[in-house]
Amino acid sequence: MRTPLTRELHDLLERGRDRQLRLAVTGLSRSGKTAFLTSLVNQLRHAGLEARLDLLPAAREGRLLGARRIQQQDLGVPRFPYDQAMLALDDQPPRWPEATRGISELRLAIRYRPARRGLLGVETRQLTLDLFDYPGEWLLDLPLLDHDYLSWSRAQRHDGDGERAALFTDWHRAVADLDPAEEVDEARLAEIAEQYAKGLRAAREAGFADLQPGRFLLPGELEGAPVLQFFPLPGIAEADRGELAALPAESLYATLARRFRHYQQHIVKPFYREHFRRFDRQIVLVDVLGALNAGPERFEDLSRALSNLMQSFDYGRRSLLTRLFAPRIDRLAIAATKADHVTPEQHGRLVALLEALLADPLKDLRFADVPVRALSLAAIRATQSREVNQQGRRSPALQGTTLAGESLLMFPGEVPDRLPAADFWSRQGFDFTAFRPLPRDKGTPLPHIRMDAALDWLIGDKLS
Ligand code: GDP
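Given the structure is predicted, the values throughout are model-derived calculations rather than measurements. (Residues numbered from 1 in each chain as written. Predicted model: local features only at pLDDT ≥ 70, side-chain atom pairs only at ≥ 80, totals over all residues.)

### Some words on the overall build of the protein chain
Consideration 1: A tally of helices and strands in the protein chain yields 18 helices and 10 strands.
Consideration 2: Judged by the C-alpha coordinates and their principal axes, the protein chain covers about 75 × 70 × 45 Å.
Consideration 3: Relative to its full complement of 464 residues, the protein chain shows a buried share of 39%. (Helix = DSSP H or I, 4+ residues; strand = E, 2+ residues; numbered from the N terminus. Buried ≥ 20, exposed ≤ 12 C-beta atoms within 10 Å, placed from the backbone.)

Here it is as structure tokens:
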């Protein structure tokens, strides 16, 4: 049996020989992470057999021999529930797998023949691929490390008259009565913290994405823990800094500030130190179409959330991350998911829109010399592409079965190829219906769009 030390040594050697890769998949809730990882594993398991992976040279050239799941390295991280996901997709009728809610991991051994024969003739090689899936919401917490409690409180805005602010009215009313100097009442604090978390959850349900702190939305094993019991104090001013800092330890302000620091030190930082720092490559999934469907306020909000999220990939010299550790991601993909919601001739526009949405973060990445590629894909294609005859003209359409079981033939709409201006929202209607996964014969690979292109960018060079 291998001891942990020799296993680490083994891993180190494998890495040195370029035979091991740690690939992470992230994105906000419902962006399609679970579907993506399930499909990725499924495609690789069927590689060399029936999987359609023409855009991945190793597969196209018949050099990819297949993949097997093996024991993961870190036994403290839950295993990605691939089997459960496949059970849902193989059901009658097929169902979407239940989404994962925290970090999970799965290790694959991929066997392939190198493109060029080695000295010893035909040989097979193995790439150990560690796959991780974690909520993009956790990355929204990076900017929080740049704050202290006072400046963070001031940066959180839950007022105004938007739809989002309305979800925080209860919390706002409760917090308005508080005096930072008063002695803390633990029960009351827990109550107001719960109201705050409720506001965040309601905002997420309503389709908003730019929400902080991330763990309030997906607390995992921290549910109910005091470290998640804080909230911003809206009334406090920079000018009061000295006075607030002098308040006794039992004051409301000092208690909230302490919990905020604890959250930074014991929740946010460890994720970056223990996980993020060790990823070699990442793919960030974005449900652009979902946001487009949900209207201007949500779309703007997604844009803000993405620029926050992408800060975790900005390795500029003075970036927050480089101050924490030396990041090592050498390749990044950004993908607009669920591309099967629109007709194929719209896919190019979808990528253009994704690039427009991420224009600033992409500039920063290029500046920091991180190779990045934007693409559109459908991890699990749920529609068939069709052509219909409309008044003598052939036009593209999609066919699928809605979640309610109704068969539908439709043209969902045009995707704008740039950030939509104000008049776009009033002019154009979108109708991206949610579809059921397509039925398929058991044991056949999942239908997809451009999973092979994503695989090529993320691991193709390691299979050459
Ligand atoms: P997660 O929260 O990021 O893990 O998101 P999921 O993978 O659970 O995806 C959320 C929902 O988006 C799924 O339940 C599906 O309804 C839909 N979805 C995900 N991927 C696809 C896809 O490739 N095509 C289509 N049509 N829908 C998808």
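### Comments concerning the domain arrangement of the protein chain
Consideration 1: Each domain of the protein chain was delimited in the assignment, giving domain 1 (4–136 + 280–381 + 440–463) and domain 2 (139–273).
Consideration 2: Here the C-alpha centre of domain 2 lies 33 Å away from the C-alpha centre of domain 1.
Consideration 3: Counting residues at the interface gives 21 residues for domain 1, matched by 19 residues for domain 2.
Consideration 4: Broken down by secondary-structure element, the contributors of at least two residues to the side of domain 1 that touches domain 2 are helix 13 (296–310) and helix 14 (320–324).
Consideration 5: Here the element with the most residues in the side of domain 1 that touches domain 2 is helix 13; it accounts for 8 residues.
Consideration 6: Taken together, the residues of the side of domain 1 that touches domain 2 break down into 9 nonpolar, 7 polar and 5 charged. (Domains from an automatic or database assignment. Contact = placed C-beta atoms within 7 Å. Nonpolar A, V, L, I, M, F, W, Y, C, P; charged D, E, K, R; others polar.)

### Some details on the site of the ligand
Consideration 1: The immediate surroundings of the ligand are formed by 21 residues, with K33, T34, A35, W96 and A99 found nearest.
Consideration 2: No other element matches helix 2 (residues 33–46), which puts 3 residues into the shell around the ligand.
Consideration 3: Looking at the shell around the ligand residue by residue, the class counts come to 9 nonpolar, 8 polar and 4 charged. (Near = placed C-beta within 6 Å.)

### Here's the deal with helix 15 (residues 347–357)
Consideration 1: Within helix 15, the full set of buried residues consists of H347, L350, V351, L353, L354 and L357. Across the axial projection of helix 15, the buried residues extend over an arc of 160°, all falling on one side.
Consideration 2: Summarising the contacts, the buried residues of helix 15 are in contact with strand 5 (281–286), helix 12 (288–294), helix 13, strand 6 (331–336) and strand 7 (372–376). (Arc of directions from axis to C-beta.)

### Comments concerning the sheet that holds strand 8 (residues 383–390)
Pairing between the strands of a sheet is mediated by backbone hydrogen bonds and can be parallel or antiparallel.
Consideration 1: The 3 strands are arranged 8-9-10 in an open sheet whose pairing can be described as antiparallel. Edge positions in the open sheet fall to strand 8 and strand 10 (407–410), since each of these has one partner strand only. Between one strand axis and the next, the sheet turns through 30° on average, direction left out of account.
Consideration 2: Sheet topology places strand 9 (residues 393–401) next to strand 10; 4 bridges connect them, and they run antiparallel. Across the sheet, L398 pairs through a bridge with M410, a residue of strand 10. (Pairing = 2+ DSSP bridges. Axes fitted to C-alpha atoms, helices over the stretch in contact; angles between N-to-C directions.)

### Notes on unusual backbone geometry
Consideration 1: Residue P93 is bonded to the preceding Q92 through a cis peptide linkage, with omega at -10°.
Consideration 2: Considering the arrangement of structural elements, one finds P93 in the loop between helix 4 (82–89) and strand 3 (104–112).
Consideration 3: The backbone of K338 shows a phi angle near 60°, a positive value even though the residue is not glycine.
Consideration 4: Mapped onto the secondary structure, K338 falls in the loop between strand 6 and helix 15.
Consideration 5: Phi angles above zero are rare outside glycine, and D369 is one such case at about 65°.
Consideration 6: Residue placement: D369 occurs in the loop between helix 16 (359–367) and strand 7.

### Regarding the packing of helix 7 (residues 169–176) against helix 8 (residues 186–205)
Consideration 1: Contact geometry for helix 7 and helix 8: axes closest at 8 Å, N-to-C directions at 150°. As far as their axial angle goes, helix 8 and helix 7 are roughly antiparallel. In the packing of helix 7 onto helix 8, the handedness of the crossing is left-handed. Between helix 7 and helix 8, the contacting residues are D170, W171, A174 and V175 on the first element and I192, Q195, Y196 and G199 on the second.
Consideration 2: Here the residues of the contact of helix 7 with helix 8 are counted per class, giving 5 nonpolar, 2 polar and 1 charged. (Parallel < 35°, antiparallel > 145°, perpendicular 65-115°, else oblique. Left-handed = near helix turned anticlockwise from the far one by under 90°.)

### Observations regarding the environment of L455
Consideration 1: For L455, the position within the fold is in helix 18 (residues 451–459).
Consideration 2: Under the C-beta neighbour-count criterion, L455 is labelled buried, with 25 such atoms within 10 Å.
Consideration 3: Taking the C-alpha atoms as reference, L455 lies 24 Å from G290; in sequence the two are 165 residues apart.
Consideration 4: Those residues within four positions of L455 in sequence are excluded, and the remaining contacts are L40, Q43, L53, L56 and G460.

### Considering the packing of helix 2 against helix 4
Consideration 1: Where helix 2 meets helix 4, the closest approach of the two axes is 10 Å, and the angle between their N-to-C directions is 95°. The angle between helix 2 and helix 4 falls in the class roughly perpendicular. In contact with T34, T38 and V41 of helix 2, helix 4 contributes Y82, A85 and M86.

### Some thoughts on the nonpolar core
Consideration 1: If you look at the biggest cluster of nonpolar residues, it comprises 116 residues, and the most contacted ones within it are L131, V288, L354 and A454.
Consideration 2: Top contributing element to this core by residue count: helix 11 (residues 252–274), with 8 residues.
Consideration 3: Not counting the four nearest positions on each side in its chain, A454 is found in contact with I283, A333, A335, L375 and L377. (Core = buried A, V, L, I, M, F, W, Y, C linked by C-beta atoms within 7 Å.)

### Remarks on the environment of V268
Consideration 1: Relative to the assigned elements, V268 resides in helix 11.
Consideration 2: Taking C-alpha positions, V268 is 9.8 Å from L140, a pair spaced 128 residues apart along the chain.
Consideration 3: Beyond its immediate sequence surroundings of up to four residues, V268 is in contact with D141, L144, L145 and Y263.

### With respect to the sheet that holds strand 4 (residues 125–135)
Consideration 1: One open sheet accounts for 7 strands, arranged 2-3-4-1-5-6-7; its pairing is mixed. Two strands bound the open sheet, and with one partner strand each, they are strand 2 (64–70) and strand 7. Adjacent strand axes in the sheet meet at a mean angle of 20° when their direction is disregarded.
Consideration 2: Two strands pair when backbone bridges link them, and strand 5 and strand 6 are joined in this way by 6 bridges, in the parallel orientation. By the bridge assignment for strand 6, I283 is matched with A333.
Consideration 3: Along the sheet, helix 18 contacts strand 1 (20–27), strand 4, strand 5, strand 6 and strand 7; its crossing angle with strand 6, the most-contacted strand, is approximately 165°.

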